[in-house]
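# Notes for the structure review
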Amino acid sequence: MDMLVIAFTTTAIALIVNIVIATYGIFTDRSLLKKVISLLIFSDTLSVFAILIGFRIPKVVSSPSPPIHLDIPGTVKDIEEFLTRTVDPIPQAFIITAIVINLAIFSFLAGLLLQYYKHFESLDVHVLEEEEVVDEVY
Amino acid sequence: MSIGKIRRSPLIAFALATITLALSIVIASGGLGILPPKDLRELGRTIVTNCFNPWNRTLTSFSLNAVSAVIWDYRGIDTVFETAVLFAGIAGLSTLFKNVKGLTLGTGGGSTLIVRRSVKLVVLLTTVASISIAIHGHLTPGGGFQGGSVLAVITSLIVVAYSIETIHRLGISTKDIMRIRYTALLMIILIAVIPTLYSLTTGIHAYLLQNMPKDDSPISMPTNFFNTPLGGSIFFFNLAEYIAVATSLSLVVLLFSMRLKELSLED
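Residues numbered from 1 in each chain as written. Chains lettered and ligands numbered in written order. Predicted model: local features only at pLDDT ≥ 70, side-chain atom pairs only at ≥ 80, totals over all residues.

### Remarks on the overall build of chain B
The test is simple: Working definition: helices are DSSP H or I runs of at least four residues, strands are E runs of at least two. Numbering for both runs from the N terminus. Here the radius of gyration uses the C-alpha set of atoms, whereas the globule reference equals 2.2 Å times the residue count to the power 0.38. Burial in this document is a count-based property: other C-beta atoms within 10 Å of a residue's C-beta are tallied, and the residue is buried at 20 or more, exposed at 12 or fewer, or partly exposed in between, with C-beta positions derived from the backbone. It is the C-beta atoms, placed from the backbone, that decide contacts: two residues are in contact if theirs lie within 7 Å.
Summing up its helical and strand segments, chain B has ten helices and two strands in all. Each helix and strand of chain B, placed in order from N terminus to C terminus, yields the pattern α-α-α-α-α-α-α-α-α-β-β-α. Over its C-alpha atoms chain B spans a radius of gyration of 24 Å, topping by over 25% the 18 Å that the globule rule assigns to 267 residues. With respect to the three principal axes, the spread of C-alpha positions in chain B is 60 × 60 × 40 Å. Sorting the 267 residues of chain B into buried and exposed places 34% on the buried side. Across chain B, the fraction of contacts at a sequence separation of at least 24, relative to all contacts at a separation of at least 6, is 66%.

### Overview of the overall build of chain A
The number of helices and strands found in chain A is five helices and zero strands. Secondary structure of chain A in N-to-C order comes out as α-α-α-α-α. Against the globule reference of 14 Å for 138 residues, chain A gives a C-alpha radius of gyration of 23 Å, more extended than a compact globule. If one aligns the C-alpha atoms of chain A with their principal axes, the spans along those axes are about 85 × 40 × 15 Å. By the burial criterion, 23% of the 138 residues in chain A qualify as buried. Partitioning the contacts of chain A with sequence separation of at least 6, the portion at a separation of at least 24 is 57%.

### Things to note about the interface of chain A and chain B
Put simply, the test is: Note on residue categories: nonpolar means Ala, Val, Leu, Ile, Met, Phe, Trp, Tyr, Cys or Pro, charged means Asp, Glu, Lys or Arg, and polar means any other residue, Gly included.
Between chain A and chain B, the contact holds 52 residues from the first and 53 residues from the second. Counting residues per element, the ones that place at least two in the side of chain A that touches chain B are helix H1 (3–28), helix H3 (76–85) and helix H4 (89–120) of chain A. For the side of chain A that touches chain B, the element with the most residues is H4 of chain A, which contributes 19 residues. Of the residues belonging to the side of chain A that touches chain B, the class tally is 36 nonpolar, eleven polar and five charged.

### Focus: helix H10 (residues 233–256) of chain B
Cut-off, in case you're wondering: An expected span of 1.5 Å times one less than the residue number is assigned to each helix.
Its 24 residues place the ends of H10 of chain B 34 Å apart at the C-alpha level, agreeing with the 34 Å of an ideal helix rising 1.5 Å per residue. In terms of burial, H10 of chain B is a largely internal element, 23 of the 24 residues being buried.

### A word on unusual backbone geometry
Leaving glycine out, the prevailing phi sign among residues is negative, and the prevailing peptide bond configuration is trans. Of note, Glu121 of chain A is a non-glycine position whose phi angle comes to about 55 degrees, a positive value. You can call Glu121 of chain A exposed: it has 8 C-beta atoms within 10 Å. Despite not being glycine, Leu209 of chain B shows a phi value in the positive range, around 65 degrees. Within the element layout of this structure, Leu209 of chain B appears in the loop between helix H9 (174–202) and strand S1 (224–225). Overall, Leu209 of chain B belongs to the partly exposed group, with 19 C-beta atoms counted inside 10 Å.

### Considering helix H6 (residues 113–135) of chain B
All names here are of chain B. Over its 23 residues, H6 runs 34 Å from end to end, which matches the ideal 33 Å to within 8%, given 1.5 Å per residue. Among the residues of H6, Ser130, Ile133 and Ala134 are the ones counted as buried. For H6, the elements touching its buried residues are helix H7 (144–161) and H10.

### Quick notes on the nonpolar core
Spelled out, the test is: Structurally, a nonpolar core is described as a collection of buried Ala, Val, Leu, Ile, Met, Phe, Trp, Tyr and Cys residues joined by way of C-beta atoms within 7 Å.
Ile47, Ala66, Val70 and Ala240 of chain B are the most contacted members of the largest nonpolar core, which totals 62 residues. In terms of residue count, H10 of chain B provides more of this core than any other element does, 17 residues in total. Dropping the residues within four chain positions of it, Ala240 of chain B is found in contact with Ala184, Met187, Ile188 and Ile191 of chain B. By size, the runner-up hydrophobic cluster in this structure holds six residues, among which are Phe8, Ile16 and Val20 of chain A together with Leu35 of chain B.

### Describing the confidence of the model for chain B
Residues and elements named next belong to chain B. Put simply, the rule is: pLDDT measures the predictor's confidence residue by residue and takes values from 0 up to 100.
Summing up the model confidence of chain B, the mean pLDDT is 88 and the portion of residues at 70 or higher is 95%. Element-level mean pLDDT values for chain B span from 64 in helix H1 (residues 3–8) up to 94 in H6. This prediction of the complex comes with two scores: 0.89 for pTM and 0.87 for ipTM.

### Things to note about the confidence of the model for chain A
Looking at chain A, pLDDT values average 88 and 91% of them are 70 or higher. Taken element by element, chain A is modelled with least confidence in helix H5 (residues 127–137) of chain A, mean pLDDT 65, and with most confidence in helix H2 (residues 32–54) of chain A, mean pLDDT 94.

### Concerning the environment of Leu59 of chain B
Residues and elements named next belong to chain B. Note on placement: Leu59 falls in the loop between helix H3 (42–50) and helix H4 (66–74). Its 16 C-beta neighbours within 10 Å are what place Leu59 among the partly exposed residues. Along the sequence, Leu59 and Lys214 sit 155 residues apart, while their C-alpha atoms lie 7.4 Å from each other.

### Examining the packing of H4 of chain B against H10 of chain B
Residues and elements named next belong to chain B. Selection criterion: Helix axes are fitted to C-alpha atoms over the stretch in contact, other axes to C-alpha atoms as well, and angles between N-to-C directions run from 0 to 180 degrees. Each angle receives one of four descriptions, namely roughly parallel if under 35 degrees, roughly antiparallel if over 145, roughly perpendicular if within 65 to 115, and oblique otherwise.
At a minimum axis separation of 10 Å, H4 and H10 run at an interaxial angle of 90 degrees. If you check the angle between H4 and H10, you find them roughly perpendicular. The segment H4 lies against H10, with Ser68, Ala69, Trp72 and Asp73 engaging Ser233, Ile234 and Phe237. Here the residues of the contact of H4 with H10 sort into four nonpolar, two polar and one charged.

This is the structure we're talking about:
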């Protein structure tokens, strides 16, 4: 197996482990802030994953280039040459869309957390539950 | 089930281990193709071929940057909805802060003289850089969103180095920012419906969000600005998106930099 293939596969598996750890954080952490941070790690790992899939090592030239023409192509040959070395633009376009949507969601979540903290003076998920238990005991 | 029990549950550990193992096996056995791929996928190949291709006028977008071409031309409706989601998110956020007391105009000292002077310089440079990133979005790496995020940094810089009161002393309130945001959003919608409006008045067939001429519609947005490619509507969309994102993020910064006592509810 080629070293490059092994390196890429290892990176992809490492990203999956990262996703699973983030899922664990979302499920089990008591602090809402840490839950949100886990969610952020989850979505950012997915973004890196998509970029990794869009990457490519061209056959002809050794290093790939971003999907941007450096000059205005003068002939059809220029476009064909550009095709031999550029990476896939579609995952990049998806990810910029995903980042904007993440930004909207996370700023809203942060606002919700601020309101939660103002109300309960804690970011613990179980603060309500514990208050009820205390009421029952006394 | 309490949180401690969830944390120690063998079922969770088993489920997470299974997910990791299953996905790893799928990737290691080439479920996503061989990583890294050597060739472009078919869709990517089509877009890279056509993003700037004067020899295929019905499919090209006259944008040197293929990513911008995908964002605002080939998948334009997707991005319009993405901007709508950003709008809805920030609208929800400002609703959360609706009944708070708001700014209690204090003195707001800010940082030392050295920091304040250097921030003045950096603000100037950042503004120029952000405009450049936004209006060259179809030529170089960048675009409306990237430029807008850079411009929003200025707001946080001023809040940190001066104070939040400085922003209000400059005459910028959250209501003004909201108004600019609405205008930018309307601009995006207007640019999207210009071909349709044109077709209604002249009777020539045209599509929503149309950029370059299609087989059954000869209408086209401007392709060149003197000798520079303009990418049709991509340039105008980037400009509108730049304003929309910059104001949205500035609003978030202003809302989150309120002091805790200003955040308490109105009596």
